[in-house]
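Listed below are the residues making up each chain.
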Amino acid sequence: MKELEQLVIPLLVWYRENARVLPWRSDPTPYGVWISEIMLQQTRVAAVLDYYRRFLEAAPAVADLAAMPEDQLMKLWQGLGYYSRARNLQKAARQIMETHGGVFPNTYEEIRALSGVGDYTAGAISSIAFHLPVPAVDGNVLRVAARVCGDSSDITTPAMKRKVTQALAQIIPLEAPGDFNQAMMELGATVCLPNGAPLCERCPAAPFCRAFQEGRTGELPVKAAKKARKVEVRTVYLLFCQGRVALRRRGPRGLLAGLWEYPNELADGTDWPASWGLDTVPLERLGAGKHIFTHIEWHMTAMGGELGSANLPEGWVWADRRELRDIYAIPNAFQSFAQVVADQLGRF
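Below, the structure is looked at part by part. The residue numbering used here restarts from 1 in each chain and proceeds along that chain's sequence as written. The predicted origin of the model limits local features to residues at a pLDDT of at least 70 and limits the giving and counting of side-chain atom pairs to 80 or more, whereas totals for whole chains, interfaces and linings rest on all residues. For the side-chain quantities, the full set of heavy atoms in the structure was used; hydrogens and water were omitted.

### Digging into the side chain of Glu-232
What counts as a helix is a DSSP run of H or I of at least four residues, what counts as a strand is a run of E of at least two, and both are numbered from the N terminus. Note on placement: Glu-232 falls in strand β1 (residues 230–240). Each residue is placed in one exposure class: buried if its accessible area under a 1.4 Å probe, protein chains only, is under 20% of its type's maximum, exposed if it is over 50%, and partly exposed if it falls in between. We classify Glu-232 as buried; its relative accessible area is 14%. Here a polar contact means two N or O atoms within 3.5 Å. Within protein one must be a hydrogen donor candidate and the other an acceptor candidate, and residues neighboring in sequence count only if both atoms are side-chain atoms. A distance of 3.2 Å separates the side chain of Glu-232 from the side chain of Trp-298, its partner in a polar contact. The contact partners of Glu-232, leaving out residues within four places of it in the chain, are Leu-266, Ile-296, Glu-297, Trp-298 and His-299. Throughout, a contact is declared for two residues whenever any of their heavy atoms are within 4.5 Å.

This is the structure we're talking about:
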């Protein structure tokens, strides 16, 4: 991957002229970089900015995150998705408190050992916060490398990731490893785009990028097709009583583990409200929605109505408008029904 050697200087010049101004770049503390990198996994920068600000206001230091009640943590994370990221953040914060005396570890190996921290995140924190010459290879970096080098290897394979990591380890500048890693990511996010045509006329690698020179930017990178997602048809029950809506907490494992939700089940013909022992009334159709997870799709129909009794199954709760806003974290999977619920609760 010799073409990458030519990229270092023009890339750093480009980055210093074009880098987006972001709070974790303006003040790259280890804690702040870590929070931002976990939030940015599978999430766009624009979506993270407000979450990052609110999160650091609520938990400005490792000790605050380690001690935070789980419901508060989930509420702060509501809407970002992939909630296991938040739980792993707290596990890692408690590791730091117990193993490192509350001081963020400053070696790649110790950072990599934190819960929820993989090779990429450890490389990013190490290079940005501690100026260690460690590559940080994510999807953006793999795409840039594949195009610049004209490499047709599948970028989803461990072998390609190892090859790119090893190549970057040889060229990462010792005086600016954090800038170099961020520049590679920035180039992939803003110029060498994942969807649609890359903006090659703006790219510092254009003079020596093989994909550009050979007219292959539409072919690269090569990425194996994903398996078709499983589809589940589910019924969501929006059950109301005197200005409140019924919620239940999901189990401790699996999809959306431990989060509050509107009761829902597979649409298999079962009279679920009756099986829950609820004081059932005729339910009407209140809407439909679809949510796509990584490996599964939910196709949902909402059925709802006003219950005649406030009795709920054990562990369920009633939530009014304030409690939905301030306390209970409802996953984005149910966003299609947010307005229906708001309208119903607004009647009281």
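### What about the packing of aromatic side chains?
Geometrically, a pair of aromatic rings is defined through the distance of the ring centres and the angle of the planes. We call Phe, Tyr and Trp rings a pair once their centres come within 6.5 Å, taking the six-membered ring for Trp, and we label the pair stacked below 30 degrees between planes, edge-to-face above 60, and tilted otherwise. Tallied over the entire structure, the rule returns 11 aromatic pairs. Look at Tyr-237 and Trp-276: their rings are 5.3 Å apart centre to centre, the planes differ by 85 degrees, and that puts the pair in the edge-to-face class. Here the residue Tyr-237 occupies a position in strand β1, and Trp-276 occupies one in the loop between α14 (272–275) and β5 (284–292), the gap between them amounting to 39 residues. Assessed through its relative accessible area of 16%, Trp-276 is described here as buried.

### Quick look at the state of the cysteines
The disulfide criterion is simple: two cysteine sulfur atoms within 2.5 Å. Counting across every chain of the model gives 0 disulfides. Cys-192 takes part in no disulfide bond, and the closest cysteine sulfur to it belongs to Cys-203, at a distance of 6.2 Å. In this structure Cys-200 is not part of a disulfide, and its nearest cysteine sulfur, from Cys-209, lies 6.3 Å away. On the accessibility criterion, Cys-200 (15% relative accessible area) is buried.

### Details of the pairing of β5
A regular strand places its side chains on the two faces of the sheet in alternate fashion. For two strands to be treated as a pair, DSSP must find at least two bridges joining them. Pairing analysis gives 8 bridges linking β5 to strand β6 (residues 296–306), with the strands arranged antiparallel. Looking across to β6, one finds that His-291 is bridged to Trp-298.

### Topic: the pairing of β6
Relative to β6, β1 runs parallel, the two sharing 11 bridges. Looking at the pairing, Arg-234 lines up with Met-300 of β6. If you look at the hairpin formed by β5 and β6, you'll find 3 residues sitting between the two strands.

### A few points about the pattern of salt bridges
Whenever Lys or Arg places a side-chain nitrogen within 4 Å of a carboxyl oxygen from Asp or Glu, that contact is recorded as a salt bridge. Throughout the structure, instances matching the rule amount to 21 salt bridges. For Arg-16, the salt bridge goes to Asp-179, with nearest N and O atoms at 3.6 Å. Here the residue Arg-16 occupies a position in helix α1 (residues 8–18), and Asp-179 occupies one in helix α12 (residues 177–190), the gap between them amounting to 163 residues. Since its relative accessible area comes to 28%, Asp-179 is described here as partly exposed. In this structure, Arg-20 and Glu-186 form a salt bridge, with 2.9 Å as the shortest nitrogen-oxygen distance.

### Details of the nonpolar core
Counting residues in hydrophobic clusters, the biggest one holds 103 residues, and the most contacted among them are Trp-34, Phe-55, Leu-65, Leu-247 and Tyr-262. Beyond its immediate sequence surroundings of up to four residues, Leu-65 is in contact with Tyr-31, Trp-34, Ile-35, Phe-55, Ala-59, Leu-73, Leu-89, Gln-90 and Ala-93. Ranked by size, the runner-up nonpolar core spans 10 residues in total, among them Tyr-237, Cys-241, Trp-276 and Leu-307. In this text, buried Ala, Val, Leu, Ile, Met, Phe, Trp, Tyr and Cys residues form a nonpolar core when linked through side-chain atoms within 4.5 Å.

### Some remarks on helix α3 (residues 30–40)
Within α3, 11 of the 11 residues are buried, which leaves it mostly tucked inside the rest of the structure. All buried positions along α3 are accounted for by Pro-30, Tyr-31, Gly-32, Val-33, Trp-34, Ile-35, Ser-36, Glu-37, Ile-38, Met-39 and Leu-40. After α3 finishes, the residue Gln-42 shows a positive phi value of roughly 60 degrees.

### A look at the packing of α3 against helix α7 (residues 84–99)
What describes two packed helices is the angle between their axes and the distance between those same axes. Between the N-to-C directions of two axes lies an angle of 0 to 180 degrees, each axis being a line fitted to C-alpha atoms and, for a helix, fitted only over the stretch in contact. Packing of α3 against α7 leaves a shortest axis separation of 10 Å and a crossing angle of 155 degrees. The pairing of α3 with α7 is recorded here as roughly antiparallel in orientation. Considering the relative orientation of α3 and α7, their crossing is right-handed. The residues of α7 that touch α3, namely those facing Trp-34, Ile-35, Ile-38, Met-39 and Leu-40, are Arg-85, Leu-89, Ala-92 and Ala-93. Should an angle fall under 35 degrees it is called roughly parallel, over 145 degrees roughly antiparallel, and 65 to 115 degrees roughly perpendicular, with every other angle called oblique. Here a crossing is taken to be left-handed if its near helix is turned anticlockwise relative to the far helix by less than a right angle, and right-handed if that turn runs clockwise.

### Observations regarding the packing of helix α6 (residues 70–77) against α7
Running from N to C, α6 and α7 point in directions that differ by 130 degrees, and their axes come no closer than 10 Å. Taken together, the axes of α6 and α7 lie oblique to each other. Crossing hand, α6 versus α7: right-handed. Contacts from Glu-70, Leu-73, Met-74 and Trp-77 in α6 reach Arg-85, Ala-86, Arg-87, Leu-89 and Gln-90 in α7.

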